[in-house]
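Each chain, written out:
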Amino acid sequence: MSIDFIKSIYYELISYFVPQRITYRIEGECRKCGRCCRQIHAYGLKNQKELKFMQYIFPWYKRFFITGIDENGELILSCIYLGEDGLCSVYKKRPFVCKNYPAKKISFNAEMIDGCGFKIVKKEFKEYLKN
Ligand code: SF4
Ligand code: SF4
């Protein structure tokens, strides 16, 4: 098992229990293109075996299948529940991670997928002071 894979399990676990460390302001709106369900960059997952392991620990991962590998050698996943119309076919029963997307608070740097209607704006220190 690679260090990145172990890290990915660690990040997955702390995402449930640890207060998030980076806060963003999210601007824009969803264009319902479905790209975020079709081009999911799986941080730290590099092969089928590692995905299977994640599916075993986190059963909701079973909806994902591999469609490619990104420039960092990490898996690109797609979801079996994405309809041809680009919409989620289990919208009311989608997992928390989907409901929460795009998350405003996460524990590592993030970018929106190309073509997404949302934009991430890192909060300035002054904005934190206002709160
Ligand atoms: S990629 Fe962005 S615009 Fe497209 S469906 Fe996902 S959130 Fe909406
Ligand atoms: S469950 Fe629905 S919202 Fe979540 S990744 Fe699959 S298609 Fe997208």
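Residues numbered from 1 in each chain as written. Chains lettered and ligands numbered in written order. Predicted model: local features only at pLDDT ≥ 70, side-chain atom pairs only at ≥ 80, totals over all residues.

### As for the nonpolar core
Counting residues in each nonpolar core, the largest one holds 6 residues, listed as Leu-45, Leu-51, Met-54, Phe-64, Leu-75 and Leu-77. Put simply, the parts of the chain that give this core at least two residues each are α3 (48-57) and β4 (75-79). Setting aside its immediate chain neighbours within four residues, Leu-45 contacts Phe-5, Ser-8, Glu-50, Leu-51, Met-54, Glu-74 and Leu-75. (Core = buried A, V, L, I, M, F, W, Y, C linked by C-beta atoms within 7 Å. Buried ≥ 20, exposed ≤ 12 C-beta atoms within 10 Å, placed from the backbone. Helix = DSSP H or I, 4+ residues; strand = E, 2+ residues; numbered from the N terminus. Contact = placed C-beta atoms within 7 Å.)

### Points about the site of ligand 2
Surveying the vicinity of ligand 2 reveals the residues Cys-37, Arg-63, Cys-79, Tyr-81, Leu-82, Cys-88, Val-90, Arg-94 and Cys-98. The residue inventory of the shell around ligand 2, partitioned by class, reads 7 nonpolar, no polar and 2 charged. (Near = placed C-beta within 6 Å. Nonpolar A, V, L, I, M, F, W, Y, C, P; charged D, E, K, R; others polar.)

### Describing the sheet that holds strand β2 (residues 40-41)
If you trace the 3 strands from one edge of the open sheet to the other, you get β2-β4-β3, paired in antiparallel fashion. Strands at the two margins of the open sheet, each flanked by one partner only, are β2 and β3 (64-69). Across 2 bridges, β2 lies against β4 in antiparallel orientation. Among the inter-strand pairings, Ile-40 is bridged to a residue of β4, identified as Leu-77. (Pairing = 2+ DSSP bridges.)

Distances and angles like these do not, on their own, reveal function.
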